[in-house]
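Below are the chains, spelled out letter by letter.
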Amino acid sequence: WGLAFENVTWLMPGVRLFTHPRTQAMMYPETAELLQQPQDNRGRIALFIDGSHLFYAALQLDIELNYTNLLSTLTLDGQLLRAFFYTGVDSQNEKQQGFLLWMRRNGYRVVTKNLVQMPDGSKKVNLDVEMAVDMLTLAEHYDTAIVVSGNGNLAYAVDAVSQHGVRIEVVGLKSMTSESLINVADTYVDLATLRNDIQKSDQKIAAQSFVYRPLRG
C-alpha cells in the first residue's frame, strides 16, 4: 500500500485518493502523518541535490553539514543508484576544488558549471537544465527520486518524471521551498526535521574541513 500511480494514491485496500499528497493532507488531515512516514522499501534511489539550496538551508539552521550522514539519511531503506550534487564553481578556488574532489570520492556525482559574470558585477550560475535532464534521462532506472531543492522552476520536470511511475520526494527548508515544487511531490520533508541526523558532531572531520559555499558576486 502507499503506491502512487498517476494521480491515484492507494492508502490501504479499498481506499484511494485522486489528488496530489499535499492536497490529500489538507482534505484528509488524518492522512497527513501517514504521507510523511518513510517507505519500507523505496527501491532504487536517485538523489538530486541543489548545492546552493542546501548551503543556505544549513546557514539558516545554523549547522555544519556532514555529507556522509546526509547521504545515508536521505537514502535510508533504499538502494542508491546515483547521488548528484549541482554547484557553480570557481576554477581558481583551490579549497572548493578540494571539497568537490572529496565529494566525488565519497559517493557523489558532482555536476558543475562555471560562474558567469553579470553586467552588474555579480556572478551567477543556473543548473536547472542540468538537473532536469539528469532526472529525465535516468527516469527508467530508478524507483524513487529525492530532490533536495526549493526551486519551483523544477516542478514541471519533476512532474514529468512522476509520469514514469517514479515516486517523488522533495526535501528542502520550508521557508525556501516553492509550493509548486511541493505540490508535485508524493512526499515533502522539511530539512529542519533532519537537523540532528545531518549535522556534524563536535568532533571535526578533517576530510570535510572545507565548508561549502556557493560563490556569488
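Refer to the structure presented above.
Not measured: the values here are computed from a predicted model. (Residues numbered from 1 in each chain as written. Predicted model: local features only at pLDDT ≥ 70, side-chain atom pairs only at ≥ 80, totals over all residues. Heavy atoms only, no water.)

1. Here's the deal with the nonpolar core
Okay, so step 1: If you look at the biggest cluster of nonpolar residues, it comprises 30 residues, and the most contacted ones within it are Leu54, Tyr67, Phe85 and Tyr108.
Okay, so step 2: One finds Leu127, Met131, Val158 and Ile182 within the second-largest nonpolar core, a separate group that totals 27 residues. (Core = buried A, V, L, I, M, F, W, Y, C linked by side-chain atoms within 4.5 Å. Buried < 20%, exposed > 50% of the residue type's maximum accessible area, 1.4 Å probe, protein only.)

2. Here we look at the pairing of strand E5 (residues 79-89)
Okay, so step 1: For strand E4 (residues 44-50) and E5, the ladder comprises 7 bridges, and the chain directions are parallel. Note on E5: the bridge partner recorded for Ile45 is Leu80.
Okay, so step 2: Inspection of the sheet shows E5 paired to strand E6 (residues 109-114) by 6 bridges, in the parallel sense. Residue Phe84 lies in a different strand from E6, and its bridge partner there is Arg109.
Okay, so step 3: After leaving E5, the chain enters helix H5 (residues 94-104) and then returns to the sheet as E6, a path that is right-handed. (Pairing = 2+ DSSP bridges. Helix = DSSP H or I, 4+ residues; strand = E, 2+ residues; numbered from the N terminus. Right-handed = clockwise from strand over helix to strand, strands pointing away.)

3. Overview of unusual backbone geometry
Okay, so step 1: Within the chain, Asp62 stands out as a residue other than glycine whose phi angle is a positive 60°.
Okay, so step 2: Within the fold, Asp62 resides in the loop between helix H3 (51-61) and helix H4 (67-74).
Okay, so step 3: Under the relative-accessibility criterion, Asp62 is labelled exposed at 66%.
Okay, so step 4: You will see that Asp77, though not glycine, has its phi angle at about 65°, which is positive.
Okay, so step 5: Within the fold, Asp77 resides in the loop between H4 and E5.

4. Structural notes on the packing of helix H6 (residues 128-137) against helix H7 (residues 155-162)
Okay, so step 1: Contact geometry for H6 and H7: axes closest at 9 Å, N-to-C directions at 5°. Classed by the angle they form, the pair H6 and H7 counts as roughly parallel. Side by side, H6 and H7 meet where Ala132, Met135 and Leu136 of the first sit next to Ala157, Val158, Ala160 and Val161 of the second.
Okay, so step 2: Residues of the contact of H6 with H7, tallied by class, amount to 7 nonpolar, no polar and no charged. (Axes fitted to C-alpha atoms, helices over the stretch in contact; angles between N-to-C directions. Parallel < 35°, antiparallel > 145°, perpendicular 65-115°, else oblique. Contact = heavy atoms within 4.5 Å. Nonpolar A, V, L, I, M, F, W, Y, C, P; charged D, E, K, R; others polar.)

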